[in-house]
Amino acid sequence: MRTRPFYIIGNWKSNKTLDEAISWFQDFSALWKKQPLRLTNIKIILCPSSIHLSTLKSIIELSGIPLLLGAQDASAFPIGAYTGDVAADMLKNLVAFSLVGHSERRKYHHETEEQLSMKVELLQKAQIVPVYCVQNAEMVVPGQCEMVGYEPVWAIGTGKPDTAANANMVAEKIKTTNPFVKNVIYGGSVTAKNVAEYALTTALDGVLPGGASLDPVAFFELITHAATA
Ligand code: PGA
């Protein structure tokens, strides 16, 4: 049995209307009630669009299902005149975690290392754990982040995941280079079929499924496979 926590962080990206998000949760909770999982040392975190966080938080709390919420991003600026931004302080009572620097943010929004460091600092001040995404072990991890997501771009949404052995090696390297990093999670085409391989490694502390978190059945199956690995 695992003695250290294993994080499963589902990233919905820019998918799902509010109705779809609610119906995802209703289906997920029906599966859970039918087959409650014993999640010793497994932590499940769901990162929906930030506009759904509040509604999902209420319905998750009512259900009693141990599902935590995370944000996909946060502003590089504090609360103030920054049109369209969601400040870390606004996320404070909604989420425990927030992704920072996902490769899609870097690619489509040209986020710079400087901006990412500002995000990390504001999230930490708001007591939200930043999950700092890197694409290899050489990228700089700012702000003494304790949690890092290793996400090679070529594995994201391609159905061609990195091997568990290589992801484990990268995780080891990230931890050695940045001794403050406690947890490294792997993202890139993680599914119910391969999650056990990552769960059985020595240096990986979790996974970050995107596509496989969109369907409640697939996500539930992924959690089941991780829990029984
Ligand atoms: P994927 O996405 O699981 O759909 O490959 C992973 C991610 O981008 O976090």
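This structure is a prediction, so every number in the text was calculated from the model and none was measured.

**Q** Hey, could you run me through the pattern of salt bridges in this one?
**A** Close approach of charged atoms allows side chains with opposite charge to pair. Evaluation of the coordinates by the stated rule reveals 12 salt bridges. A salt bridge links Glu61 to Lys57; the shortest N-O distance between them is 2.9 Å. Taken together, the residues span about one helical turn, with Glu61 and Lys57 both in helix α2 (residues 53-63) at a distance of four residues. Overall, Lys57 belongs to the partly exposed group, its relative accessible area being 26%. Within the structure, one salt-bridge network assembled from shared partners comprises Asp73, Arg105, Glu111 and Lys119.

**Q** How should I be thinking about the site of the ligand in this particular structure?
**A** Inspection of the region around the ligand gives 13 residues, with Lys13, His102, Gly157, Ser189 and Gly210 positioned closest. Separating an oxygen atom of the ligand from a backbone N or O atom of Gly157 is a distance of 2.6 Å. Ser189 is positioned such that a nitrogen or oxygen atom in its backbone is 2.8 Å from an oxygen atom of the ligand. Surface burial for the ligand is 95%, taken as the share of its 280 Å² of free accessible area covered by protein chains. Split by residue class, the shell around the ligand holds four nonpolar, seven polar and two charged.

Parameters at a glance
Residues numbered from 1 in each chain as written. Predicted model: local features only at pLDDT ≥ 70, side-chain atom pairs only at ≥ 80, totals over all residues. Heavy atoms only, no water. Salt bridge = Lys/Arg side-chain N within 4 Å of Asp/Glu carboxyl O. Helix = DSSP H or I, 4+ residues; strand = E, 2+ residues; numbered from the N terminus. Buried < 20%, exposed > 50% of the residue type's maximum accessible area, 1.4 Å probe, protein only. Near = heavy atom within 4 Å. Polar contact = N/O pair within 3.5 Å; in protein donor to acceptor, adjacent residues only side chain to side chain. Areas by Shrake-Rupley, 256 points an atom, 1.4 Å probe, with all protein chains shown as cover. Nonpolar A, V, L, I, M, F, W, Y, C, P; charged D, E, K, R; others polar.

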